[in-house]
Amino acid sequence: MANEPRIQAAPAVTRLVTLVDSSVLLDILTDDRSWAQWSGDALARARDVGALVINPIVYAEVSTGFDRIEDLDDAVPVADFDREPLPYQAGFLAGKAFLAYRKRGGQRRSPLPDFYIGAHAALGKYRLLTRDATRYRTYFPSVELLAP
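Residues numbered from 1 in each chain as written. Predicted model: local features only at pLDDT ≥ 70, side-chain atom pairs only at ≥ 80, totals over all residues. Heavy atoms only, no water.

Side-chain direction in a regular strand flips from residue to residue, so the side chains alternate between the two faces of the sheet. The buried count for strand β2 (residues 50-54) comes to 4 of 5 residues, which makes it a mostly enclosed element. With 4 bridges joining them, strand β1 (residues 16-20) and β2 adopt parallel strand pairing. Considered in β2, the bridge of Thr18 is made with Leu52. (Buried < 20%, exposed > 50% of the residue type's maximum accessible area, 1.4 Å probe, protein only. Helix = DSSP H or I, 4+ residues; strand = E, 2+ residues; numbered from the N terminus. Pairing = 2+ DSSP bridges.)

Listed below in structure tokens is the structure:
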């Protein structure tokens, strides 16, 4: 047995996971004149290399353009977008990032949801597809951004 050849297992292929920010989905769903093309192309490229994920915050932000949940679910289908809950650790990380933002002079009215989205991407080690990269780049430098 000691002289028998060993069969090496093929290395596992890891698929990239991309958390999709609401700005990208809204560009596509509203057919934004400036950004729909970029967002659609970027979303297609992300889908080609891995899974797409949204969370309840992204879902809520996109929902404002729909009167019925069924229409929203048709526009952002479960078959295309994995839906993940927000980890509690993301709340802690989002709070710390928001605090750092406020200490740097950020406005209180700034949306805390962006910090949750960044924290979710950071904890999951996900790429983040967004059109609003500045805040994510500043407060979540470990997150790979797919941005213009």
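Read on, since the account is not over.
Counted by the stated rule, this structure contains 7 aromatic pairs. Between Phe115 and Tyr139 the ring centres are 5.5 Å apart and the planes differ by 70 degrees, which places this aromatic pair in the edge-to-face class. With Phe115 in helix α6 (residues 112-124) and Tyr139 in helix α7 (residues 133-139), the pair connects residues that are 24 residues apart, well separated along the chain. Given a relative accessible area of 17%, Tyr139 falls into the buried group. For the pair Phe115 and Phe140, a centre-to-centre distance of 6.4 Å together with 55 degrees between the ring planes defines the contact as tilted. Here Phe115 is found in helix α6, whereas its partner Phe140 is found in the loop between α7 and β5 (145-146), with 25 residues between them in sequence. By the burial criterion, Phe115 is buried, and Phe140 matches it. Connected via pairs of aromatic rings, a cluster forms that spans Phe98, Tyr101, Phe115, Tyr139 and Phe140. Positioned above the aromatic ring of Tyr101, the side-chain terminus of Arg135 is 5.3 Å from the ring centre. (Phe/Tyr/Trp six-rings, centres within 6.5 Å; stacked < 30°, edge-to-face > 60°. Lys NZ or Arg CZ within 6 Å of the ring centre and 35° of its normal.)

Spatial relationships are all this shows, so hold off on functional conclusions.
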